Amino acid sequence: MKPVTVPSQQYHCPMEIKIAPSLLAADFSELATAIAEVEDDADLLHLDVMDGHFVPNITFGMPVISSIRRVTALPFDCHIMTTNPTAYLEELVEAGADIVTVHLEAVPDPTAAISEAEKLGVGFGVVISPHTPFAAMEPFIESCRMVVVMSVHPGFGGQAFIPEVLPKVEQARKWVDFHGLATDVQIDGGITTETAPQAAAAGANVLVAGSAVFGRDDPAEAIRSLRAAAGEET
Ligand code: DX5
Ligand code: ZN
């Protein structure tokens, strides 16, 4: 089932909800199988690249991304949690990234990364961790295809949703709509059928979900449930 159009209670424009399963919660010995399970229902595949320095965890990088590129047509949404993301953009694009998002805590001024992404022809986005204010991303939104508000502390899947970040999602959505942009507003972390409605009501149109998709017996059905829950909006 592909995206449904959701009439928003807070915003006049109908929002199309996109679900981005995070592969971090999948069984790494069966990545191709995990991806095949979500291929028809997901909109993006969210790939969490961690370096054990910017965040206290290490996941995967270019070799894994280029390997899974061969088994799926899903766009790759690469969430880069490394100290020096700009240095790796070219290799990530060669590996198959369609969108790269970098943390403003790692690169407070991403002007060079934006230029590099433009040169490489890849979608670009900025991410803010829970403690970082919306103001940090404001100067760069116009150059972004996606802006990301983290609703957990970056580094690990399976954490509890931090509702205090929702006002930042509202600020991002208002900014994007006011300026007439098509920029996606993504929320990442702790998304479940309980928190998805809150995220969508605040204005997020891309929901990342790891545990709530790959942690379930039927990941495809889990995506459909999240999409339906987001459409209900509390
Ligand atoms: C955390 C990652 C998230 C994580 C989400 O640093 O950025 O994408 O995989 O996992 P859940 O949905 O389990 O919170
Ligand atoms: Zn992520």
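I will try to describe carefully the structure that is included in this document.

What counts, and at which threshold
- Residues numbered from 1 in each chain as written.
- Chains lettered and ligands numbered in written order.
- Predicted model: local features only at pLDDT ≥ 70, side-chain atom pairs only at ≥ 80, totals over all residues.
- Heavy atoms only, no water.
- Phe/Tyr/Trp six-rings, centres within 6.5 Å; stacked < 30°, edge-to-face > 60°.
- Lys NZ or Arg CZ within 6 Å of the ring centre and 35° of its normal.
- Salt bridge = Lys/Arg side-chain N within 4 Å of Asp/Glu carboxyl O.
- Helix = DSSP H or I, 4+ residues; strand = E, 2+ residues; numbered from the N terminus.
- Pairing = 2+ DSSP bridges.
- Axes fitted to C-alpha atoms, helices over the stretch in contact; angles between N-to-C directions.
- Core = buried A, V, L, I, M, F, W, Y, C linked by side-chain atoms within 4.5 Å.
- Buried < 20%, exposed > 50% of the residue type's maximum accessible area, 1.4 Å probe, protein only.
- Donors = N, O, S within 2.8 Å, 3.2 Å for Na, K, Ca; no water.
- Tetrahedral: all angles 85-135°; square planar, octahedral: opposite > 155°, others 65-115°.
- Arc of directions from axis to C-beta.
- Contact = heavy atoms within 4.5 Å.
- Polar contact = N/O pair within 3.5 Å; in protein donor to acceptor, adjacent residues only side chain to side chain.
- Near = heavy atom within 4 Å.
- Areas by Shrake-Rupley, 256 points an atom, 1.4 Å probe, with all protein chains shown as cover.
- Nonpolar A, V, L, I, M, F, W, Y, C, P; charged D, E, K, R; others polar.
- Right-handed = clockwise from strand over helix to strand, strands pointing away.

Our next topic: the packing of aromatic side chains. As enumerated under the stated definition, the model contains one aromatic pair in all. The ring of Phe76 has Arg69 lying over it, and the distance from NZ or CZ to the ring centre is 3.7 Å.

What follows covers the pattern of salt bridges. Summed over all chains, the structure comprises seven salt bridges. Note that Lys18 is salt-bridged to Asp184, the shortest N-O span being 3.2 Å. Note that Lys18 is positioned in strand S3 (residues 18–21) and Asp184 in strand S9 (residues 184–188), a separation of 166 residues in sequence. With a shortest N-O distance of 3.3 Å, Lys119 and Glu116 are connected by a salt bridge. Of this pair, Lys119 and Glu116 both sit in helix H4 (residues 111–120), three residues apart, which is roughly one turn of the helix. Several salt bridges converge on common partners, so that one network encompasses Asp41, Glu221 and Arg224.

Across the sheet, eight strands lie side by side as S3-S10-S9-S8-S7-S6-S5-S4; this open sheet has parallel pairing. Sheet topology places S3 and strand S4 (45–50) at the edges, where each strand pairs with a single neighbour. Between one strand axis and the next, the sheet turns through 25° on average, direction left out of account. Here strand S7 (residues 123–128) pairs with strand S8 (residues 146–150) via four bridges, running parallel. Residue pairing across strands places Val127 opposite Val148, the latter belonging to S8.

Of all hydrophobic cores here, the largest spans 66 residues; its most connected members are Ile187 and Leu207. For this core, the element with the highest residue contribution is helix H5 (residues 166–178), accounting for five residues. Formed by 10 residues, the second largest nonpolar core is a distinct cluster that contains Ala20, Met146, Met150 and Val152.

Time to look at the coordination of the zinc ion (ligand 2). Distances from the zinc ion (ligand 2) to its protein donors, His46 (NE2), Asp48 (OD), His79 (ND1) and Asp188 (OD), fall within 2.0 to 2.2 Å. One can describe the site at the zinc ion (ligand 2) as octahedral: its six donor atoms subtend angles covering 72 to 171° at the metal. Each donor residue of the zinc ion (ligand 2) belongs to the same chain, and together they define the spacing H-x1-D-x30-H-x108-D. Note on His46: relative accessible area 0%, which makes it buried. A residue is classified by how much of its surface remains accessible, and Asp48, at 5% relative accessible area, is buried.

With that settled, consider helix H2 (residues 62–69). Every buried residue of H2 is listed here: Met62, Ile65 and Ile68. Angularly, the buried residues of H2 cover 140° about the axis, an arc narrow enough to put them on a single face. For H2, the secondary structure elements touched by its buried residues are helix H1 (31–38), S4, strand S5 (76–81) and helix H3 (89–95).

Along the chain, Arg227 turns up in helix H8 (residues 219–232). At 3.0 Å, the side chain of Arg227 forms a polar contact with the side chain of Asp43.

With that out of the way, let us pick up the site of ligand 1. Taken together, 20 residues are adjacent to ligand 1, and Gly155, Gly158, Asp188, Gly210 and Ser211 come closest. In this structure, an oxygen atom belonging to ligand 1 sits 2.9 Å away from a side-chain N or O atom of Asp48. Protein chains bury 98% of the 380 Å² of accessible surface belonging to ligand 1 in isolation. Counting only elements with at least two residues in the shell around ligand 1, the list comes to S4, S5 and strand S10 (206–209). Counted by class, the shell around ligand 1 contains eight nonpolar, 10 polar and two charged residues.

With that settled, the discussion passes to the side chain of Asp184. By relative accessible area, which is 11% here, Asp184 ends up buried. In this structure the side chain of Asp184 is engaged in a polar contact, spanning 3.2 Å, whose partner is the side chain of Lys18.

The next thing to look at is the pairing of S7. Residues in a regular strand project their side chains so that they alternate between the two faces of the sheet. Counting buried positions along S7 gives six out of six residues, so the element sits mostly inside the fold. Side chains Gly123, Gly125 and Val127 of S7 all project onto a buried face; the interleaved residues Phe124, Val126 and Ile128 project onto the opposite face, where all are buried too. Two strands pair when backbone bridges link them, and strand S6 (residues 99–103) and S7 are joined in this way by five bridges, in the parallel orientation. Bridge assignment links Ile99 to a residue of S7, and that residue is Gly123. Read as a crossover between parallel neighbours, the route from S6 over H4 to S7 is right-handed.

Treat this as a map of the structure, not an account of what it does.
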